[in-house]
Amino acid sequence: MTALPDDRPPLIGEEDRDTAVRRLREAYAEGHLSHEDLDERLHRVLTVTTHGELVAALASLPEEDAGTTSTIAAAGGRIKRSGAWRVPRFLKVESAFARVRLDLSRAVIEYPVVDIELQLGTGRAKITVPRDAIVEYEALHTGWKDTRYRAPRSSRPGGPRIRISGTMGFGRLKIRHARR
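These numbers come from a predicted model, not from an experiment. Sequence order sets the numbering: in each chain, residues are counted from 1 along the sequence as written. In keeping with the predicted nature of the model, local features appear solely for residues at pLDDT of at least 70, side-chain atom pairs appear and are counted solely at 80 or more, and the whole-chain, interface and lining totals rest on all residues. The side-chain numbers reported here are obtained from all heavy atoms of the structure, hydrogens and water having been left aside.

> How would you summarise the packing of helix α1 (residues 14-29) against helix α2 (residues 35-47) if you had to cite specific residues and measurements?
Packed helices, taken two at a time, are described by the angle their axes make and the gap between the axes. Here α1 crosses α2 at 175°, and the two axes come no closer than 10 Å. On the basis of the axis angle, α1 is roughly antiparallel to α2. In contact with R17, A20, V21, L24, R25 and Y28 of α1, α2 contributes H35, L38, R41, L42, V45, L46 and T47. When grouped by side-chain class, the residues that make up the contact of α1 with α2 number eight nonpolar, two polar and three charged. Structural elements are reduced to axes, namely lines fitted to C-alpha atoms, with helices fitted over the stretch in contact, and the angle between N-to-C directions of any two is expressed from 0 to 180 degrees. Numbered from the N terminus, helices here are DSSP runs of H or I no shorter than four residues, and strands are runs of E no shorter than two. The cut-offs work like this: below 35 degrees is roughly parallel, past 145 is roughly antiparallel, 65 to 115 is roughly perpendicular, and the gaps in between are oblique. For this analysis, residues touch if any pair of their heavy atoms sits within 4.5 Å. Side-chain classes follow a simple rule in which Ala, Val, Leu, Ile, Met, Phe, Trp, Tyr, Cys and Pro form the nonpolar group, Asp, Glu, Lys and Arg form the charged group, and the remainder, Gly included, forms the polar group.

> I'd like to hear about the pattern of salt bridges, residue by residue, with values.
Any carboxyl oxygen of Asp or Glu within 4 Å of a side-chain nitrogen of Lys or Arg constitutes a salt bridge here. In this structure the tally under the stated criterion is nine salt bridges. A salt bridge links R44 to E40, with the shortest nitrogen-to-oxygen separation between them at 3.4 Å. Here the residue R44 and the residue E40 both occupy positions in helix α2, the gap between them amounting to four residues, near one helical turn. Each of R89, D115 and R163 takes part in salt bridges that share partners, so that together they form one network.

> Talk me through a positive patch on the surface; I want residue IDs and the actual numbers.
A cluster of basic side chains, namely R78, K80, R99 and R124, defines a positive patch on the protein surface. Within the element layout of this structure, R99 appears in strand β3 (residues 90-103). Patch membership is restricted to residues that have no salt bridge and whose relative accessible area is over 30%. Joining uses 9 Å for like charges and 5 Å for the nonpolar side chains Val, Leu, Ile, Met, Phe, Trp and Tyr. Areas reported as accessible are Shrake-Rupley estimates using a 1.4 Å probe. Residue values count occlusion only from the protein chains shown. Charged residues are defined here as Lys and Arg on the positive side and Asp and Glu on the negative side; His and the ends of the chain fall outside this count. The atoms used to mark charge sites are NZ of Lys, CZ of Arg, CG of Asp and CD of Glu.

> Break down unusual backbone geometry for me, with residues and values.
Positive phi is not limited to glycine here, since S60 has a value of about 75°. Within the fold, S60 resides in the loop between α3 (51-57) and β1 (69-81). Using a relative accessible area of 67% as the deciding quantity, one classes S60 as exposed. Classification of residues uses two cut-offs on accessible area relative to the type maximum, computed with a 1.4 Å probe and protein chains only: under 20% is buried, over 50% is exposed, and between them is partly exposed.

> Break down the nonpolar core for me, with residues and values.
To qualify as a nonpolar core, a set must consist of buried Ala, Val, Leu, Ile, Met, Phe, Trp, Tyr and Cys residues joined through side-chain atoms within 4.5 Å. Of all hydrophobic cores here, the largest spans 26 residues; its most connected members are L104, I116, L118, I164 and L173. Of all elements in the fold, only β1, β3, β5 (113-122), β6 (125-129), β7 (134-142), β9 (161-170) and β10 (173-177) reach the threshold of two or more residues within this core. Looking at which element gives the most residues to this core, the answer is β3, with five residues. When near neighbours in sequence (up to four residues on either side) are disregarded, I116 contacts L91, L102, L104, I162, R163, I164 and S165. V21, L24, A27 and L58 belong to the second-largest nonpolar core, a separate cluster that totals 14 residues.

This is the structure in structure tokens:
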């Protein structure tokens, strides 16, 4: 009886495949790929099974912009961002005793995905997202109160994906979509 080799290539997941499709579409929109090349590479990305094949399908694309990381920190008081502010790709909010209010409804969001990491001890947080945003908060751990979020009944495609993660001790996170 022969043993199976332990060095089999790892299989790719749906998130890897979705990221590859997004990168191809962005490269096409920026003029780095012809329509025929886009069609051929999309077919390859949707049919490959290993990570190596996926990397080969994305070969010669420009490097993906990793984005910027910003940290907002305060020991106590208030942390507030509203109006026309530029949202970084990664935003980390840290506080022991502050109330947090992030209003992204009129903010400049340049990235299709924005990651917000909350590291809050006590105090509540309120995040207002654009109407067409897709919100994910399953990676957020709350100690005392649950997160309040009601997804919109209908949404338009094309909005940013807002992923909220981190830890909240004794506060509540309220997420809402902008009305306008």
